[in-house]
Amino acid sequence: MNLILLGPPGAGKGTQAKRIEESRGLVQLSTGDMLRAAVAAGTEIGKRAKEVMERGELVSDDIVIGIISERIDQPDCARGFILDGFPRTLAQAAALDDLLAAKGRTLDVVIEMKVDDEALIERITGRFTCAECGEGYHDTFKRPQVEGKCDKCGSTEFSRRADDNAETVRARLMAYYRETAPLIGYYFCKGTLRSIDGMADIDDVTRQIEEVLTDIARAA
Ligand code: AMP
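All values reported here derive from a predicted model rather than from experimental measurement.

A look at the site of the ligand
Around the ligand, a shell composed of 16 residues is seen, among which Thr 31, Arg 36, Glu 57, Gly 85 and Gln 92 lie nearest. Between the ligand and the protein, one listed contact pairs an oxygen atom with a side-chain N or O atom of Arg 36 at 3.0 Å. The fraction of the free accessible surface of the ligand (480 Å²) that becomes covered by protein chains is 97%. For the shell around the ligand, the element with the highest residue contribution is helix H2 (residues 31–41), accounting for four residues. Residues belonging to the shell around the ligand are distributed by class as follows: six nonpolar, four polar and six charged.

With respect to helix H5 (residues 90–102)
Here H5 is 13 residues long and its end C-alpha atoms lie 18 Å apart, about the 18 Å a rise of 1.5 Å per residue gives. For H5, the set of buried residues is Gln 92, Ala 93, Ala 95, Leu 96, Leu 99 and Leu 100. Take H5 and look down its axis: the buried residues cluster within an arc of 165°, on one side only. Residues Asp 98, Ala 101 and Ala 102 are exposed on H5 and point more than 90 degrees away from its buried face. On its buried face, H5 is in contact with strand S1 (3–6), helix H4 (61–72), strand S3 (81–84) and helix H8 (182–190). Positive backbone phi, approximately 70°, marks Gly 104, located one or two places after H5.

Some remarks on the packing of H5 against H8
As a packed pair, H5 and H8 sit with axes 9 Å apart at the nearest point and diverge in direction by 35°. Residues Leu 90, Ala 93, Ala 94, Leu 96 and Asp 97 of H5 form the contact with H8, whose own contacting residues are Pro 182, Leu 183, Tyr 186, Tyr 187 and Lys 190. For the contact of H5 with H8, the per-class residue count stands at eight nonpolar, no polar and two charged.

As for the packing of aromatic side chains
Tallied over the full model, the rule gives five aromatic pairs. Geometrically, the ring pair formed by Phe 128 and Phe 158 is edge-to-face, given 5.6 Å between the ring centres and 80° between the ring planes. Pair noted here: Phe 128 is in strand S5 (residues 127–130) and Phe 158 is in strand S7 (residues 158–159), with a separation of 30 residues, a long-range link. For the ring pair Tyr 137 and Phe 158, a centre distance of 5.7 Å and an interplane angle of 80° mean the geometry is edge-to-face. Of this pair, Tyr 137 sits in strand S6 (residues 136–138) while Phe 158 sits in strand S7; the two residues are 21 residues apart in sequence, bridging distant segments of the chain. Classification of Tyr 137 as buried rests on a relative accessible area of 3%.

With respect to the nonpolar core
The tendency in soluble globular proteins is for nonpolar side chains to be buried side by side. Counting 29 residues, the largest nonpolar core has Ile 4, Leu 29, Leu 35, Ile 72, Leu 83, Leu 96 and Tyr 187 as the members making the most contacts within it. Elements with a minimum of two residues in this core: S1, strand S2 (27–30), helix H3 (44–55), H4, S3, H5 and H8. When residues of this core are assigned to their parent elements, the largest contribution, six residues, is made by H4. Setting aside residues up to four positions removed in sequence, Ile 72 forms contacts with Leu 29, Cys 77, Phe 81, Leu 96, Leu 99, Leu 100, Lys 103 and Arg 105. Ile 82, Met 113, Ile 196 and Val 205 belong to the second largest nonpolar core, which has 23 residues in total.

Conventions used here
Within each chain, residue numbers correspond to sequence positions counted from 1 in written order. For a predicted model such as this one, the threshold for reporting local features is a pLDDT of at least 70, and the threshold for listing and counting side-chain atom pairs is 80 or more; totals across whole chains, interfaces and linings nevertheless cover every residue. Hydrogens and waters are ignored; side-chain quantities use all the structure's heavy atoms. In these notes, residues near a molecule or strand are those with any non-hydrogen atom within 4 Å of it. What qualifies as a polar contact is a pair of N or O atoms within 3.5 Å, subject to a donor-acceptor requirement within protein and to the restriction that residues adjacent in sequence count only when both atoms come from side chains. Computed with a 1.4 Å probe, the accessible areas rest on the Shrake-Rupley method; for each residue, only the protein chains presented here act as cover. Working definition: helices are DSSP H or I runs of at least four residues, strands are E runs of at least two. Numbering for both runs from the N terminus. Residue polarity is assigned by list, with Asp, Glu, Lys and Arg as charged and Ala, Val, Leu, Ile, Met, Phe, Trp, Tyr, Cys and Pro as nonpolar; anything else, Gly included, falls into the polar class. How far a helix is expected to stretch is found by multiplying one less than its residue total by 1.5 Å. Burial here depends on accessible area, computed with a 1.4 Å probe over protein chains only, as a share of the maximum for the residue type. Under 20% is buried, over 50% is exposed, and the range in between is partly exposed. The directions from the helix axis to the C-beta atoms are what the arc is built from. Throughout, a residue-residue contact means that at least one pair of heavy atoms, one from each residue, lies within 4.5 Å. Axis definition: a line fitted to C-alpha atoms, over the contacting stretch in the case of helices. Angles run 0 to 180 degrees between N-to-C directions. Each pair of aromatic rings taken from Phe, Tyr and Trp, with Trp reduced to its six-membered ring, is defined by centres within 6.5 Å and is described as stacked if the planes are under 30 degrees apart, edge-to-face if over 60, and tilted in the remaining cases. We call a set of buried Ala, Val, Leu, Ile, Met, Phe, Trp, Tyr and Cys residues a nonpolar core when their side-chain atoms join them within 4.5 Å.

This is the structure:
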């Protein structure tokens, strides 16, 4: 099964993608994670993307389309993938249609995670992750059970994304509403869109996504 999680920054796409990855044996493909890895490694793509990402703007379509096209061909994606943070523009969505068609693959469903705008800024600016295992935390909503120690792996190292600050978040939301929100209409018209309540608690959101996936699998 191949799906897209669609929603603004802070909607919970990454958190939910990790959960579905485990429950369904799919691979999470996060262009944000891939670009951050390229920046950290200092690759040519990383150098081109770094400042754009720091400003909260979108990296050029050709870069992310190239990254996804290559990644989908790898053997671990054969069982299916969850796109998280891609596509983000209509041009990327059209390119995805073309490249899936060329590879003889299909997109099963696009799950829109609906969230209140006001909640997003607080969600994003408070988040941090374990530097060791990547477990996600939040200053207000999810602190480690033992202060300063990861619940999952026990590490005491945590990190915050360079672009999770109040100024950049507004630019990222602006980019979302200008460039990405039109994808909701695009996938609605193609008949692949399903919407869920992303404001529910984390487990409930997972349950809603699982319901959609079960439904889609049954219909296939
Ligand atoms: P994310 O981790 O999905 O919030 O992405 C972090 C940043 O990476 C974004 O603010 C963009 O600068 C860049 N980025 C990630 N995915 C894309 C994409 N599909 N198209 C353009 N830029 C992207």
